[in-house]
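The chain contents come next:
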Amino acid sequence: MASSDRIGIVGAGLSGAVIGRALAEAGHRVEILDARGHVAGNCHTERDAETGVMVHVYGPHIFHTDDTEVWDYVNRFQTFQPYKNRVKTTSGGQVYSLPVNLHTINQFFGKAFRPDEARAFIEAQADRSIADPQTFEEQALRFVGRALYEAFFKGYTQKQWGCSPTELPASILKRLPVRFNYDDNYFFHKYQGMPENGYTDMVARILDHANVTVRLATRFHRADGDGYAHVFYSGPLDGYFDYALGRLGYRTLDFERFTYEGDYQGCAVMNYGDFAVPYTRITEHKHFSPWEEHEGSVCYREFSRECGPDDTPYYPIRLVREKEQLARYVARAEQERAVTFVGRLGTYRYLDMDLTIREALDTARLYLARRAQGAAM
Ligand code: UDP
């Protein structure tokens, strides 16, 4: 028997906050614990003490979605400023536009192609012998050919994931489009924007409800679950089970901060495609808030490496070995009574923010519907 009618939520990131809010609005008392000293998880933003610029502390987060309910939801808690993600990349000593578009193709090959000509040219470069691409490399060779792959994807991906693109799934590259026009918007989505006062302010507002208590700098242990009617757990899945089946692999990021008087690179995100450059990208944070004025600038050089036991997990590595290990953890998770595993870390997936919110809204609805039916939770 549960000893309380309180609901426990582990993690005050997007998953935890959205679930907590929905349950609180339905009249439940909710307690949210987070091991860190701030809410918002990895989308945490704060003002840089020296420059006053709003910084994406755990790397760039751009909100984009086609989901009208999710867009309306975030707009309830924050004014969103229009923001288009336009990413550049430096490769072989030149700066190009991403995602690969007609400008990138014409500049790279020294041509003046129109869309149909560029399409035919790229198709001639593509390796047609690959019928059903399985790996990242096969996907790239099949759709953009070797020259563009080596300039823009091979080195970056090797740095980002710490392994050869021949070992990675094609799904990672499928995140990036190739365009035969001059559209350099990184995302296709209908709604895009940046929260005016940052993601942390947005999440704090989601959590601002009389039925919600937030405890920061508070670690959750499995035994603590007994104190709640139900637990929604958005921490690392393997951590919940004390890593009994080994650690699931993650990439972590290190950021090297530097400041600059003026405008360092002229855009928010500059990728570095060459393997010889040790960092993957440089983020100049003030360009995420173009509606604000700042003389000074703060930038982060971003380095990716294997995640150790004391590091912050970022990107789940879902190779064959991890997928097998994940299946064993999922089987254990299914045996847990009154615990729901949610979010990027709780389900060990590469999740965009909009999908995280969509899943959190659905999870809360399902829980409430089942409780209303009197189902054992
Ligand atoms: N990628 C690449 N070159 C780039 C940008 C991305 O090869 O200049 C690859 C890389 O493997 C990356 C994946 O495409 O992990 C997805 O890119 P996205 O920009 O979605 O990554 P995120 O911003 O989520 O790290």
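Thresholds applied
- Residues numbered from 1 in each chain as written.
- Predicted model: local features only at pLDDT ≥ 70, side-chain atom pairs only at ≥ 80, totals over all residues.
- Heavy atoms only, no water.
- Salt bridge = Lys/Arg side-chain N within 4 Å of Asp/Glu carboxyl O.
- Helix = DSSP H or I, 4+ residues; strand = E, 2+ residues; numbered from the N terminus.
- Buried < 20%, exposed > 50% of the residue type's maximum accessible area, 1.4 Å probe, protein only.
- Core = buried A, V, L, I, M, F, W, Y, C linked by side-chain atoms within 4.5 Å.
- Domains from an automatic or database assignment.
- Contact = heavy atoms within 4.5 Å.
- Pairing = 2+ DSSP bridges.

J.: Help me understand the pattern of salt bridges in this model?
T.: Note on pairing: side chains with opposite charge can pair once their charged atoms come close. Per the stated rule, a full pass over the model turns up 28 salt bridges. When the shortest N-O distance is used, the salt bridge between D184 and K88 registers 3.8 Å. In this pair, D184 sits in the loop between α7 (170-173) and β9 (191-195) while K88 sits in strand β7 (residues 88-91), placing the two residues 96 residues apart along the sequence. Since its relative accessible area comes to 17%, D184 is described here as buried.

J.: Would you mind going over the nonpolar core with me for this structure?
T.: Nonpolar side chains in soluble globular proteins tend to end up buried together. In terms of nonpolar packing, the biggest core is built from 100 residues, with F63, I105 and I357 touching the most fellow members. Formed jointly, this core draws a minimum of three residues from each of two domains, domain 1 (7-44 + 66-79 + 196-249 + 318-372) and domain 2 (101-173). Filtering out sequence-adjacent residues up to four positions away, I105 remains in contact with V100, F113, A118, I122, L148, R179 and F180. In this structure, C267, Y272, I282 and F303 belong to the second largest nonpolar core, which totals eight residues.

J.: Looking at this model, I keep getting lost on unusual backbone geometry. Mind explaining?
T.: With the exception of glycine, most residues fall at negative phi, and the peptide bonds are largely trans. Here the amide bond leading from L98 into P99 is cis, since omega sits at -10°, within 30 degrees of zero. Tracing the chain through its elements places P99 in the loop between β8 (94-97) and α3 (102-109). In this structure, D242 is a non-glycine residue whose phi angle is positive, near 50°. Residue position: D242 is located in the loop between α9 (237-240) and β12 (250-261). With relative accessibility at 58%, the residue D242 sits in the exposed group. We note that Y243 has phi near 60°; this positive angle belongs to a residue other than glycine.

J.: Got a minute to help me understand the sheet that holds β12 in this structure?
T.: Paired through backbone hydrogen bonds, the strands of a sheet run either parallel or antiparallel to each other. On the basis of which strands lie adjacent, the open sheet formed by seven strands has the order β8-β7-β13-β14-β15-β12-β16 and mixed pairing. Unpaired on one side and paired on the other, β8 and β16 (315-316) mark the two borders of the sheet.

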